[in-house]
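Okay, here's what each chain looks like letter by letter:
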Amino acid sequence: MCTYYSGRGTGISKFSTAAAAAAALEEPITPPVKVELTKLLINGQFVDAASGKTFPTLDPRTGQLIANVAEGDIEDVNRAVSAARKAFDEGPWPRMTAYQRSKILLRFADLVEKHTDEIAALEAWDNGKPYEQAASVEIPLFVRLFRYYAGWADKIHGLTLQADGPHHVQTLHEPIGVAGQIIPWNFPLLMYSWKVGPALACGNTVVLKTAEQTPLSALYVSKLFHEAGLPPGVLNIVSGYGPSVGAALASHMDVDKLAFTGSTNTGQIVLGLAAKSNLKPVTLELGGKSPFIVCEDANVDEAVDLAHDALFFNQGQCCCAGSRTFVHERVYDQFVKKAKARALKRVVGDPFRKGVEQGPQVDSKQFDKILKYIRSGVDGGATLETGGQRFGSNGYYIQPTVFSNVQDDMLIATDEIFGPVQTILKFKDINEVIRRANATHFGLAAGVFTQNLDTANTLTRALKAGTVWINCFDVFDAAIPLGGYKMSGHGREKGIYSLSNYLQVKAVVTHLKNPAWL
């Protein structure tokens, strides 16, 4: 056992280095999958980028090359949009019955389920998340969501309205056209499903930009989509970078709708590009700094476990992570002690190793950013209870980190760290915690842990967030909408609400001659 002494009088962080040393000596496990798809998907074919360029996608366990992937650019976006436009204007997808579309979505879900092992391996290899998490949690959620939207496909309809005169009035809910979609690297497959599922169920066509850090799994499942019977041009995948592919898609004059998930800063850029081009509607699911509120009546052991999962899930790389843990002063010291103990027990290592809870961060940029925030917390006077260092000597692993005595104005309490860093703040009463929880530009989610129904109801209505979880967290059922208040975005993903993102409403008014009734 080795002891790190961290900070200027900020306390002692004990962390076992034996596991880190052992991990550093172990060879990374060979993933049980081969990378075969690295090209762009345009008009049903896997093709090279027009420029012939490629970019590397790296293994976050080592920083070494997994594969070189076709690097799309403006010309490739134009090719993909042209294919999507032709598929929408002339192709069979919006013209087949909704039931036929639903059957293709269902066949696709079945194929993904059949290939769970390979897909989960690609996701873990490219992203760094535990294989067990990808296989047992994320792929089933992916499959469930496509089956959910397959069920919606033939239930999308307009209304018949009563007019104040001799007119028959109806509304049509029409597909919006070509949807441009930009997804992030933290949940590549889940974000694919949240975007592609409702768009295709409504009869649209899609051009999807994957994150440059994690392009592999989307290409694999898109091949399965075509095996399920998806017509060419309906779904196009362009891998590449934000300033080239992302900007071209956001500003394209022939893209009818844009959906983006990512940082708030990039969301502002995307929204501006859409506005300056053809004023295409934009759905934004952006950053968060979600409060997790532990009330004085809470069962501390249960609250510690839930708060731990709310923050550390997916290496802390979750938009709605419970990254501001507010704990009532009466249970604060007990909570901090147990939160530290739980973090010390967290199993960090190769994501392909059984029992591992936390893999590496996605890349060196994210790794360096997180360590910078940790240093700012120490320098700002927060108490580093545990962690705060690199884990091992290879790859982008970071020790599970817990800070106590955190103040609201510290960077670790205001900024989205997007890493395994738990910040624990103390509060006195419900009015205070409501004010402090809402004192942020973000409003994506919140968690409340209490046994008092009145307290739960008060907080549910007072917190300015798109989702409030009561005595649970990160419940991502296909039917539950997710979206933000304030600078966490606008529009909703998942559930019935996301369908409206991909539909136009048309009013049709027909004059009635000598109607028998009105």
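Since this is a predicted model, take the numbers as computed values, not measurements.

## As for the side chain of Asp126
Okay, so step 1: Residue placement: Asp126 occurs in helix 4 (residues 116-127).
Okay, so step 2: Although Asp126 is buried, it makes no salt bridge; Arg61 carries the closest opposite charge, 10 Å away.
Okay, so step 3: Side-chain polar atoms of Asp126 contact the backbone nitrogen of Leu216, separated by 3.3 Å.
Okay, so step 4: Sequence-distant contacts of Asp126, that is, excluding residues within four places in its chain, are made with Thr57, Leu58, Pro60, Ile66, Gln213, Thr214, Pro215 and Leu216.

## Quick notes on the packing of helix 4 against helix 7 (residues 216-227)
Okay, so step 1: Two elements in contact, helix 4 and helix 7, have axes whose closest approach is 8 Å; the angle formed by their N-to-C orientations is 160 degrees. Taken together, the axis directions place helix 4 and helix 7 in an arrangement best described as roughly antiparallel. Contacts from Glu118, Ile119, Leu122, Glu123 and Asp126 of helix 4 reach helix 7 at Leu216, Ser217, Tyr220, Val221 and Leu224.
Okay, so step 2: When its residues are assigned to classes, the contact of helix 4 with helix 7 shows 6 nonpolar, 1 polar and 3 charged.

## What about the UniProt feature "domain: Aldehyde dehydrogenase" (unreviewed entry) in the chain?
Okay, so step 1: On the UniProt side, "domain: Aldehyde dehydrogenase" (unreviewed entry) is annotated at positions that read residues 46-508 here.
Okay, so step 2: As annotated, residues 46-508 comprises 39% helix and 19% strand, and the C-alpha atoms at either end are separated by 41 Å.

## Describing the side chain of Asp363
Okay, so step 1: The residue Asp363 is located in the loop between helix 11 (332-345) and helix 12 (364-379) in this model.
Okay, so step 2: Buried and unpaired, Asp363 has no salt bridge, with Lys365 as the nearest side chain of opposite charge at 6.9 Å.
Okay, so step 3: Here the side chain of Asp363 touches Gln366 through a polar contact of 2.9 Å, landing on its backbone nitrogen.
Okay, so step 4: Setting aside residues up to four positions removed in sequence, Asp363 forms contacts with Gln213 and Tyr396.

## With respect to the environment of Leu425
Okay, so step 1: Within the element layout of this structure, Leu425 appears in strand 18 (residues 421-427).
Okay, so step 2: A C-alpha to C-alpha distance of 7.9 Å links Leu425 and Asp408, two positions 17 residues apart in sequence.
Okay, so step 3: Apart from residues no more than four positions distant in its own chain, Leu425 is found in contact with Arg324, Thr325, Phe326, Val327, Tyr332, Val406, Gln407, Asp408, Ala413 and Arg436.

## Things to note about the layout of surface pockets
If you roll a probe as big as a water molecule over the atoms, it shows you where there is empty space left.
Okay, so step 1: Taken as a whole, the largest pocket encloses approximately 1300 Å³ of empty space.
Okay, so step 2: Forming the walls of the largest pocket are 46 residues, and the residues nearest its centre are Gly262, Ser263, Thr264, Thr266 and Lys369.
Okay, so step 3: At the level of elements, helix 8 (242-250), strand 12 (257-261), helix 9 (264-276), strand 15 (324-328), helix 12 and helix 13 (411-414) are the ones that each hand at least two residues to the lining of the largest pocket.
Okay, so step 4: Sorting elements by how many residues they give to the lining of the largest pocket places helix 9 first, with 6 residues.
Okay, so step 5: The class makeup of the residues in the lining of the largest pocket is 21 nonpolar, 15 polar and 10 charged.

## Description of the UniProt feature "active site" (unreviewed entry) in the chain
Okay, so step 1: Sequence positions flagged by UniProt for "active site" (unreviewed entry) are, in local numbering, Glu285.
Okay, so step 2: Looking at the element boundaries, Glu285 is found in strand 13 (residues 282-285).
Okay, so step 3: Judged by its relative accessible area of 3%, Glu285 is buried.
Okay, so step 4: In contact with Glu285, not counting residues within four places along its chain, are Met191, Trp194, Phe260, Thr261, Gly262, Cys319, Leu444, Leu482, Ser488 and Glu493.

What counts as what
- Residues numbered from 1 in each chain as written.
- Predicted model: local features only at pLDDT ≥ 70, side-chain atom pairs only at ≥ 80, totals over all residues.
- Heavy atoms only, no water.
- Helix = DSSP H or I, 4+ residues; strand = E, 2+ residues; numbered from the N terminus.
- Buried < 20%, exposed > 50% of the residue type's maximum accessible area, 1.4 Å probe, protein only.
- Lys, Arg positive; Asp, Glu negative; His and termini not counted.
- Salt bridge = Lys/Arg side-chain N within 4 Å of Asp/Glu carboxyl O.
- Polar contact = N/O pair within 3.5 Å; in protein donor to acceptor, adjacent residues only side chain to side chain.
- Contact = heavy atoms within 4.5 Å.
- Axes fitted to C-alpha atoms, helices over the stretch in contact; angles between N-to-C directions.
- Parallel < 35°, antiparallel > 145°, perpendicular 65-115°, else oblique.
- Nonpolar A, V, L, I, M, F, W, Y, C, P; charged D, E, K, R; others polar.
- UniProt positions renumbered as here; feature names shortened; annotations may be inferred.
- 1 Å grid on protein atoms, 1.4 Å probe; cavity = no way out; pocket = protein on both sides within 12 Å on 5 of 7 lines; lining within 4 Å.
- Points joined across faces, edges and corners; volume = space filled by probe spheres on them.

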